[in-house]
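Spelled out from the first residue to the last, the chains are:
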There are 2 protein chains.
Amino acid sequence: MKILDGRKLSNIIKEEIKKEVSKRSSKKKKIPHLAAVLVGNDGASLTYVGSKVRSCKQIGFLSTLIHLKSDITEKKLISELDKLNQNPSIDGYIVQLPLPNHINEERVLLAVDPRKDVDGFHPTNFGRMVLELPSFIPATPFGIIEIIKRYKIETSGKNCLVIGRSNIVGRPISILMSQKVSYGNATVTLAHSRTKNLKELTLKSDIIISALGIPEFLKVDMVKEKVVVIDVGITRVSDKNNSKGYIIKGDVDYVNVSKKASYITPVPGGVGPMTIAMLLQNTLLACKRKD
Amino acid sequence: MKILDGRKLSNIIKEEIKKEVSKRSSKKKKIPHLAAVLVGNDGASLTYVGSKVRSCKQIGFLSTLIHLKSDITEKKLISELDKLNQNPSIDGYIVQLPLPNHINEERVLLAVDPRKDVDGFHPTNFGRMVLELPSFIPATPFGIIEIIKRYKIETSGKNCLVIGRSNIVGRPISILMSQKVSYGNATVTLAHSRTKNLKELTLKSDIIISALGIPEFLKVDMVKEKVVVIDVGITRVSDKNNSKGYIIKGDVDYVNVSKKASYITPVPGGVGPMTIAMLLQNTLLACKRKD
């Protein structure tokens, strides 16, 4: 069994980006600049945005945090996005989700200029991704693809089961894995809440990508020998023995499934750390497209 | 076994649209106007476009045929599309494919205003469809969905196999069938040229949608009892006994598979006739969105 070490891989990717930024700098080319829009003071959101800003500094990107009050109107928020759309210094930006209830998330995401939509959530990018045109692939599925590429996991003709049909993970990765590309060409089945025969499906699968959010749902008796398991689940489970009061659990019963798997991502330290690395990769891409 | 009669259903839909147009007319509302852009004199294309124009007349739509010479430059073609984009009388238009070799199809399709893209081929519409926002669903998958709805075929939790991953049929229908909607919620597997165990998959499937283009490929020993079969294949097979010199064959060995199926589309007379009906439906929708 081989651990798909997302932490290590994300550091390698960040190092690569850092080198490229440094080269750009010596050639007097534009330095990538990522902005993050945060509305309100949600604890988890503050942590995520903070970590994105820190990563920018680490690799030599410029970064801007736009921290807005939780009672900002939707109109005012959209006008802030419009400033970012117009600002030539900003290559890409993200709007940290979730937004307060009085703001329509859909309208806000549609206000992001697709050329700066480094989260890849705008329908124009989504459509371009499906049609295999240049786009921004959302960070989590992009991270999964990168794990598959770098660990040279064979996917062509393999049975791949994606569990969960969310627009940010399950849906896009199910599409990407079945495209006619070197990291794709898998026969993909997309399972979800209405799927009736899940164990039958998991037992037939060469590759399982789980984005369900149910801790330790995938048990060892549900998978076949040599399965490749990519665990996107991140659930906080309360744990009094931990100083934070919780621990992070994935969708997979790692201790047991890892004994049977050929490759497996741990949680934490698997897909999670890849997400920020791929957001930075998208920002670099946005900047290079303007060269 | 019940035949899914696409010819009959397409006539019902055209009648419904005709009534709505007549109502709009009596209320002095705008009459839907579809334009078709045809480049060159390809025989099949002339037939298709002619049939679209005739259908418009039948149901009371306005229609415009823009017939351009095969040696038109890409730039000139795109400027023609721009006129259509600007023309408020035109609600929707299609560019008949294929285009001559010297013209880049991708650049041309990207020049269509997504609000007038009644073929649903523009990435913005594709992305909106995937993200379940208002869009234009491409006519063939839209026709399949309409067959499923009108014949009240149960899809929730069913194993649905889509064979073929083209951007105009296989890919979009695989997405639609797995969405959280009344006609969806199926557990969808998308098979294609790299799939290794196709017979194993077809035998497990409650619903098979085949868009492969190999005549009579799906045999009776490949399907289970009570399967629902939707045949999108349309291949010309030479036949000296036929006055045209060919007959149309689907992907399915209809004579034998129909004995085992619960529902099946014939070819011709199944999905094919639905395509034009749904193009007209999209044009009506484009017109109504401006009300």
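In this text, all values refer to a predicted model and were calculated from it rather than measured experimentally.

Asker: Please clarify how the relation of the copies chain B and chain A should be interpreted in this entry.
Answerer: Turning one copy of the chain about an axis and sliding it along that axis gives the other copy, so a rotation and a shift relate them. By a simple turn and slide, chain B fits onto chain A: the slide is 0.0 Å along the axis, the RMSD is 0.0 Å, and the turn is 180 degrees. Accordingly, the operation relating the two chain copies is best matched by a two-fold axis. A share of 97% of interface residues in chain B that are also interface residues in chain A marks the association as one of identical surfaces.

Asker: Hey, could you run me through the sheet that holds strand 4 (residues 92-95) of chain B in this one?
Answerer: Backbone-to-backbone hydrogen bonds pair the strands of a sheet. The strands run either parallel or antiparallel. Residues and elements named next belong to chain B. Ordered in space as 3-2-4, the 3 strands form an open sheet in which the pairing is parallel. In the strand order of this sheet, the two ends are held by strand 3 (62-68) and strand 4, each with one partner. Ignoring strand direction, the axes of neighbouring strands in this sheet form an average angle of 15 degrees. In this structure, strand 2 (residues 33-39) lies alongside strand 4, joined through 4 bridges in parallel fashion. The partner of L34 across the bridge, within strand 4, is G92. Docked against the sheet, helix 2 (residues 43-59) engages strand 2, strand 3 and strand 4, running at close to 160 degrees with respect to strand 3. Each of strand 2, strand 3 and strand 4 touches helix 3 (residues 74-86); the most contacted strand, strand 2, lies at about 175 degrees to it.

Asker: Before we go on, may I ask you to explain unusual backbone geometry in this structure?
Answerer: Glycine aside, residues mostly have negative phi, and peptide bonds are mostly found in the trans state. Cis rather than trans, the peptide bond between V267 of chain A and P268 of chain A has omega equal to 0 degrees. With respect to the helices and strands, the residue P268 of chain A is situated in the loop between strand 11 (263-264) and helix 10 (271-288). Note the cis peptide between L97 of chain B and P98 of chain B, where omega equals 0 degrees. As for its placement among the helices and strands, P98 of chain B is situated in the loop between strand 4 and helix 4 (105-110). With a phi close to 60 degrees, K28 of chain A is a non-glycine residue in the positive phi region. Relative to the assigned elements, K28 of chain A resides in the loop between helix 1 (6-26) and strand 2 (33-39).

Asker: Explain the nonpolar core here, please?
Answerer: Taken as a class, soluble globular proteins show a tendency for nonpolar side chains to be buried jointly. Formed by 111 residues in total, the largest nonpolar core has its most connected members in I144, M177 and I209 of chain A together with I144, M177 and I209 of chain B. What I144 of chain B contacts, discounting residues up to four positions off in sequence, is V169, I173, I209, I230, V232 and V271 of chain B.

Asker: Would you explain the interface of chain B and chain A in this entry?
Answerer: Accessible area lost upon the coming together of the parts is a frequently used measure of interface size. Contact residues are listed per partner, giving 38 residues for chain B and 37 residues for chain A. Between chain B and chain A, roughly 3100 Å² of surface is buried when both sides are summed, and carbon and sulfur atoms account for 49% of that area. The three residues of chain B that bury the most area against chain A are L131, R171 and R194 of chain B, which together make up 17% of that side's buried surface. On inspection of chain B and its partner chain A, the count reaches 2 salt bridges. A salt bridge links E200 of chain B to K204 of chain A; the nearest nitrogen and oxygen atoms lie 3.6 Å apart. Across the chain B-chain A interface, the total number found is 14 residue pairs in polar contact (both at pLDDT 80 or more). Residue contributions to the side of chain B that touches chain A peak at 6 residues, all from helix 5 (residues 123-130) of chain B. Counted by class, the side of chain B that touches chain A contains 13 nonpolar, 16 polar and 9 charged residues. Looking at chain direction, strand 6 (residues 187-191) of chain A and strand 6 (residues 187-191) of chain B are connected through 3 bridges and run antiparallel. What sits directly across from T189 of chain A, in strand 6 of chain B, is T189 of chain B.

Asker: Sorry, what's going on with a positive patch on the surface here?
Answerer: All names here are of chain A. Taken together, the side chains of K19, K23, K27 and K29 present a region of like positive charge at the surface. Among the structural elements, K27 can be located in the loop between helix 1 and strand 2. Assessed through its relative accessible area of 54%, K27 is described here as exposed.

Asker: Honestly, the confidence of the model for chain A in this entry has me stumped. Any pointers?
Answerer: Keep in mind that low pLDDT regions are not for reading the predicted coordinates in detail. Summary statistics for chain A give a mean pLDDT of 97 and a share of 100% for residues scoring 70 or more. ipTM for the predicted complex: 0.95, alongside a pTM of 0.96.

Asker: Where do I start with the domain arrangement of chain A in this structure?
Answerer: When cut into domains, chain A gives domain 1 (28-113) and domain 2 (139-272). Its C-alpha centre places domain 1 of chain A at a distance of 29 Å from the equivalent point of domain 2 of chain A.

Asker: What am I meant to see in helix 2 (residues 43-59) of chain A here?
Answerer: Since one α-helical turn is 3.6 residues long, residues separated by three or four positions face the same way. Residues and elements named next belong to chain A. Taking 1.5 Å per residue as the helical rise, helix 2 with its 17 residues ought to reach 24 Å, and the 25 Å between its terminal C-alpha atoms agrees with that figure. Along helix 2, the positions that sit buried rather than exposed are S45, V49, S51, K52, V53, S55, C56 and I59. Buried-residue contacts for helix 2 involve helix 1, strand 2, strand 3 (62-68), strand 4 (92-95) and helix 10. Phi turns positive one or two residues past the end of helix 2, at G60, with a value near 90 degrees.

What counts and how
Residues numbered from 1 in each chain as written. Chains lettered and ligands numbered in written order. Predicted model: local features only at pLDDT ≥ 70, side-chain atom pairs only at ≥ 80, totals over all residues. Heavy atoms only, no water. Least-squares fit on C-alpha atoms with pLDDT ≥ 70 in both. Contact = heavy atoms within 4.5 Å. Pairing = 2+ DSSP bridges. Helix = DSSP H or I, 4+ residues; strand = E, 2+ residues; numbered from the N terminus. Axes fitted to C-alpha atoms, helices over the stretch in contact; angles between N-to-C directions. Core = buried A, V, L, I, M, F, W, Y, C linked by side-chain atoms within 4.5 Å. Buried < 20%, exposed > 50% of the residue type's maximum accessible area, 1.4 Å probe, protein only. Buried area = accessible area lost by both parts, 1.4 Å probe. Salt bridge = Lys/Arg side-chain N within 4 Å of Asp/Glu carboxyl O. Polar contact = N/O pair within 3.5 Å; in protein donor to acceptor, adjacent residues only side chain to side chain. Nonpolar A, V, L, I, M, F, W, Y, C, P; charged D, E, K, R; others polar. Patch = residues over 30% accessible without salt bridge, like charges linked within 9 Å, V, L, I, M, F, W, Y side chains within 5 Å. Areas by Shrake-Rupley, 256 points an atom, 1.4 Å probe, with all protein chains shown as cover. Lys, Arg positive; Asp, Glu negative; His and termini not counted. Charge placed at Lys NZ, Arg CZ, Asp CG, Glu CD. pLDDT = per-residue confidence, 0-100. Domains from an automatic or database assignment. Expected span 1.5 Å × (residues − 1).

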